[in-house]
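# Observations on chain architecture
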Amino acid sequence: LAQLEARRGQLVFVGTGGVRVPIPHYGAYQPAKAAVRAAATQLRRELRGLGIAVTYVDPGLVATEFHIAMGIERTSSVRAASPERVARAILGGIARRRAVVNAVPWQTAGAVLGEWFGTITDSVVISRFTPKRAAITARPEVKPERHGPEPSEQAPAPSIASPFERALEPVARRM
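Residues numbered from 1 in each chain as written. Predicted model: local features only at pLDDT ≥ 70, side-chain atom pairs only at ≥ 80, totals over all residues. Heavy atoms only, no water.

## Description of the sheet that holds strand E2 (residues 53–58)
The condition is simple: Whether two strands pair comes down to DSSP finding at least two bridges between them. To qualify as a helix, a DSSP run of H or I must reach at least 4 residues; to qualify as a strand, a run of E must reach at least 2; elements of each kind are numbered from the N terminus. A fitted line through C-alpha atoms represents every axis, and for helices the fit uses only the stretch in contact; the resulting angles, taken between N-to-C directions, go from 0 to 180 degrees. Here a residue-residue contact requires only that any non-hydrogen atoms of the pair lie within 4.5 Å.
Here we have 3 strands laid out as an open sheet, ordered E1-E2-E4, and parallel in their pairing. At either margin of the open sheet sits one strand with a lone partner, and together these are strand E1 (10–14) and strand E4 (100–102). The sheet shows a mean angle of 20° between the axes of neighbouring strands, taken without regard to direction. Relative to E4, E2 runs parallel, the two being bridged by 3 bridges. In the strand pairing of E4, Tyr56 is matched with Val100. Strand contacts of helix H2 (residues 29–47): E1, E2 and E4, with the helix running at about 160° to E1, the strand carrying the most contacts.

Quick look at the structure:
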């Protein structure tokens, strides 16, 4: 904190428009980003008097492999912005020490409208923006280093999943 204050530094937090209008099948991602947004706002208000800038970035939908990595096929309802466009907007916001950078303003405007209309938005989000589940390829399981008898020497552990664990299976890979 002292170094940030001495240099009139800046903190940058990257969030998502999904904080305003959550899209189904994103597991814990959007609630976690809501916490990032709240932290950025809180810190901005607390650190302003020290000359430290805090910038919250809503990058919008960016044309990257993000959705593929999450096992979700991105909907074609919204055009993705190029990473270069988003990077330019972020760098411009940092240079101006802006509190908020909406890298793709028209996407942010849509999210704000969706947030204002509350539950009316639900049917639109579900019908137009719910991503399709992509074919999930099995990822290799990383086994922790064992200290002790080999698994073949141990009695097999029962694999009885609770109803709660079974309910989490579809989103477990994203948590």
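Next comes the rest of the write-up.
## Overview of the nonpolar core
Our working definition: Residues belong to a common nonpolar core when they are buried Ala, Val, Leu, Ile, Met, Phe, Trp, Tyr or Cys residues joined through side-chain atoms within 4.5 Å. Only protein chains enter the accessibility calculation, which uses a 1.4 Å probe. A residue is then buried if its area is under 20% of the maximum for its type, exposed if over 50%, and partly exposed in between.
Listed in full, the 8 residues of the largest apolar core are Val57, Val62, Ala81, Val86, Ile90, Val101, Ala103 and Val104. Not counting residues within four places of it along the chain, the set of residues in contact with Val62 comprises Ala80, Ala81, Ser82, Pro83 and Val86. Counting residues in each nonpolar core, the second largest holds 6 residues, with Val19, Ile52, Val54 and Tyr56 among its members.

## Description of the side chain of Lys33
Worth spelling out the cut-off: Counted charges follow a simple rule, with Lys and Arg positive, Asp and Glu negative, and His plus the chain ends left uncounted. The working definition used for a salt bridge is a side-chain nitrogen of Lys or Arg within 4 Å of a carboxyl oxygen of Asp or Glu. Counted as a polar contact is a pair of N or O atoms within 3.5 Å, where, for protein atoms, one must be capable of donating a hydrogen and the other of accepting one, and residues adjacent in sequence contribute only when both atoms are in side chains.
Looking at where Lys33 falls in the secondary structure, it is placed in helix H2. This buried residue, Lys33, is left without a salt bridge; Asp58 holds the nearest opposite charge, at 9.5 Å. Within the local environment of Lys33, its side chain forms a polar contact with the backbone oxygen of Val14, the two atoms lying 2.8 Å apart. Apart from the residues lying within four places of it in its own chain, the contact partners of Lys33 are Val14, Gly15, Thr16 and Val19.

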